[in-house]
Amino acid sequence: MKTINIKGKEYVEVNERIKHLRGSYDNTAILTYLVSDEGGKCIFKAEVLVEGECVATGHAYEIEGSTFINKTSYIENCETSAVGRALGNFGIGIDTSVASAEEVTNAINNQNSISQPEK
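Residues numbered from 1 in each chain as written. Predicted model: local features only at pLDDT ≥ 70, side-chain atom pairs only at ≥ 80, totals over all residues. Heavy atoms only, no water.

J.: I'm lost on the packing of helix 1 (residues 14-24) against helix 2 (residues 70-89) in this one. Help?
T.: Relative placement of two packed helices is described by the angle separating their axes and the distance separating the axes. Look at helix 1 against helix 2: their axes get within 9 Å of each other, and the N-to-C directions meet at 50°. Taken as axis vectors, helix 1 and helix 2 run oblique relative to one another. For the pair helix 1 and helix 2, the sense of crossing is left-handed. Counted together, Val14, Arg17, Ile18 and Leu21 of helix 1 and Thr80, Val83, Gly84, Leu87 and Gly88 of helix 2 form the full contact between these two elements. (Axes fitted to C-alpha atoms, helices over the stretch in contact; angles between N-to-C directions. Helix = DSSP H or I, 4+ residues; strand = E, 2+ residues; numbered from the N terminus. Parallel < 35°, antiparallel > 145°, perpendicular 65-115°, else oblique. Left-handed = near helix turned anticlockwise from the far one by under 90°. Contact = heavy atoms within 4.5 Å.)

J.: Help me understand the pattern of salt bridges, please; the structure alone is not making it clear to me.
T.: Tallied over the entire structure, the rule returns two salt bridges. With a closest N to O distance of 3.0 Å, lysine 19 and glutamate 16 form a salt bridge. Separated by three residues within a single helix, lysine 19 and glutamate 16 lie in helix 1, roughly one turn from each other. As a salt-bridge pair, lysine 45 and glutamate 47 come within 3.5 Å of each other at their nearest N and O atoms. (Salt bridge = Lys/Arg side-chain N within 4 Å of Asp/Glu carboxyl O.)

J.: What is the right way to read the packing of aromatic side chains from this model?
T.: The relative placement of two aromatic rings is captured by the distance of their centres and the angle of their planes. With the rule as written, the count across this model stands at one aromatic pair. Here the aromatic rings of tyrosine 25 and phenylalanine 90 are separated by 5.2 Å at their centres, their planes lie at 55°, and the arrangement is tilted. Of this pair, tyrosine 25 sits in the loop between helix 1 and strand 3 (28-38) while phenylalanine 90 is found in the loop between helix 2 and helix 3 (101-113), placing the two residues 65 residues apart along the sequence. Here phenylalanine 90 falls in the partly exposed class, since its relative accessible area comes to 22%. (Phe/Tyr/Trp six-rings, centres within 6.5 Å; stacked < 30°, edge-to-face > 60°. Buried < 20%, exposed > 50% of the residue type's maximum accessible area, 1.4 Å probe, protein only.)

J.: Explain the nonpolar core to me, please; I cannot follow it from the model alone.
T.: Among the nonpolar cores identified, the biggest contains 15 residues, and Leu21, Ala46, Val48, Cys78, Ala82, Val83 and Leu87 are the most heavily contacted of them. Listed by contribution, the elements that provide at least two residues to this core are helix 1, strand 4 (41-50), strand 5 (53-63) and helix 2. Top element by residues in this core is helix 2. It accounts for six residues. Residues in contact with valine 48, not counting those within four places in the same chain, are Leu21, Ala29, Glu53, Cys54, Val55, Ala56, Ala86 and Leu87. (Core = buried A, V, L, I, M, F, W, Y, C linked by side-chain atoms within 4.5 Å.)

Okay, structure coming up:
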(Lines give C-alpha, C1' and ligand atoms only; values in the text may rest on other atoms or scores of the structure.)
Protein backbone atom coordinates (compact mmCIF):
# COMPACT_ATOMS: atom_id res chain seq x y z
CA MET A 1 0.00 0.00 0.00
CA LYS A 2 1.11 3.51 -0.73
CA THR A 3 2.29 5.49 2.29
CA ILE A 4 3.09 9.10 3.18
CA ASN A 5 5.91 10.21 5.42
CA ILE A 6 5.03 12.20 8.53
CA LYS A 7 7.96 13.22 10.74
CA GLY A 8 10.02 10.25 9.56
CA LYS A 9 7.31 7.59 9.89
CA GLU A 10 5.36 6.00 7.06
CA TYR A 11 1.55 6.03 7.32
CA VAL A 12 -1.08 4.44 5.12
CA GLU A 13 -3.85 6.90 4.35
CA VAL A 14 -7.49 5.92 4.79
CA ASN A 15 -8.21 5.86 1.05
CA GLU A 16 -5.43 3.30 0.59
CA ARG A 17 -6.83 1.20 3.45
CA ILE A 18 -10.29 1.26 1.83
CA LYS A 19 -8.88 0.22 -1.57
CA HIS A 20 -7.00 -2.65 0.10
CA LEU A 21 -10.18 -3.85 1.85
CA ARG A 22 -12.19 -3.76 -1.38
CA GLY A 23 -9.43 -5.49 -3.37
CA SER A 24 -8.68 -8.19 -0.81
CA TYR A 25 -12.09 -9.25 0.49
CA ASP A 26 -15.41 -10.06 -1.14
CA ASN A 27 -18.72 -8.74 0.11
CA THR A 28 -17.45 -5.93 2.35
CA ALA A 29 -19.13 -2.88 3.81
CA ILE A 30 -18.09 0.07 5.92
CA LEU A 31 -20.86 1.50 8.07
CA THR A 32 -20.54 4.84 9.86
CA TYR A 33 -22.66 6.34 12.60
CA LEU A 34 -22.69 9.89 13.88
CA VAL A 35 -22.79 9.16 17.61
CA SER A 36 -22.83 12.78 18.75
CA ASP A 37 -22.61 16.30 17.30
CA GLU A 38 -23.08 18.90 20.00
CA GLY A 39 -21.42 22.23 20.61
CA GLY A 40 -18.94 21.84 17.76
CA LYS A 41 -17.72 18.44 18.98
CA CYS A 42 -18.54 15.23 17.16
CA ILE A 43 -18.00 11.52 17.65
CA PHE A 44 -18.23 8.89 14.91
CA LYS A 45 -18.26 5.11 15.07
CA ALA A 46 -17.31 2.99 12.05
CA GLU A 47 -17.78 -0.73 11.51
CA VAL A 48 -16.04 -2.94 8.97
CA LEU A 49 -18.18 -5.83 7.77
CA VAL A 50 -17.00 -8.87 5.81
CA GLU A 51 -19.66 -11.30 4.59
CA GLY A 52 -22.17 -9.42 6.76
CA GLU A 53 -20.18 -9.91 9.97
CA CYS A 54 -18.64 -7.02 11.90
CA VAL A 55 -14.90 -7.71 12.01
CA ALA A 56 -13.71 -4.39 13.46
CA THR A 57 -14.87 -1.06 14.84
CA GLY A 58 -13.28 2.33 15.30
CA HIS A 59 -14.23 5.62 16.95
CA ALA A 60 -13.09 9.19 16.40
CA TYR A 61 -13.61 12.56 18.07
CA GLU A 62 -13.11 15.97 16.47
CA ILE A 63 -13.61 19.57 17.54
CA GLU A 64 -14.82 22.17 15.06
CA GLY A 65 -12.09 24.70 14.30
CA SER A 66 -9.32 22.80 16.13
CA THR A 67 -7.31 22.41 12.92
CA PHE A 68 -7.33 24.04 9.50
CA ILE A 69 -9.43 21.23 7.98
CA ASN A 70 -11.77 21.20 10.98
CA LYS A 71 -12.73 24.83 10.36
CA THR A 72 -14.95 23.67 7.50
CA SER A 73 -15.03 19.86 7.58
CA TYR A 74 -14.77 18.55 11.13
CA ILE A 75 -17.65 16.11 10.68
CA GLU A 76 -16.21 14.65 7.47
CA ASN A 77 -12.74 14.47 9.02
CA CYS A 78 -14.15 12.69 12.06
CA GLU A 79 -15.95 10.11 9.92
CA THR A 80 -12.79 9.45 7.89
CA SER A 81 -10.74 9.03 11.07
CA ALA A 82 -13.26 6.52 12.47
CA VAL A 83 -13.10 4.53 9.23
CA GLY A 84 -9.30 4.60 9.31
CA ARG A 85 -9.25 3.36 12.90
CA ALA A 86 -11.72 0.56 12.14
CA LEU A 87 -9.62 -0.58 9.18
CA GLY A 88 -6.50 -0.35 11.32
CA ASN A 89 -8.16 -2.43 14.02
CA PHE A 90 -8.88 -5.00 11.31
CA GLY A 91 -5.18 -5.02 10.54
CA ILE A 92 -5.07 -2.93 7.38
CA GLY A 93 -2.31 -0.33 7.14
CA ILE A 94 -0.91 -0.66 10.65
CA ASP A 95 2.76 -1.46 10.20
CA THR A 96 3.65 1.30 12.66
CA SER A 97 0.39 2.66 14.07
CA VAL A 98 -3.40 2.32 14.06
CA ALA A 99 -3.75 6.11 13.88
CA SER A 100 -4.56 7.71 10.55
CA ALA A 101 -2.21 10.21 8.96
CA GLU A 102 -4.67 12.96 9.84
CA GLU A 103 -4.66 11.95 13.51
CA VAL A 104 -0.88 11.92 13.64
CA THR A 105 -0.64 15.33 11.96
CA ASN A 106 -3.25 16.76 14.35
CA ALA A 107 -1.42 15.33 17.36
CA ILE A 108 1.90 16.79 16.20
CA ASN A 109 0.31 20.20 15.54
CA ASN A 110 -1.42 20.19 18.93
CA GLN A 111 1.78 19.13 20.70
CA ASN A 112 3.73 21.90 19.00
CA SER A 113 1.14 24.51 20.03
CA ILE A 114 1.25 23.61 23.74
CA SER A 115 3.69 25.81 25.55
CA GLN A 116 6.33 23.96 27.52
CA PRO A 117 6.92 25.02 31.15
CA GLU A 118 10.20 26.77 31.86
CA LYS A 119 12.82 24.85 33.81
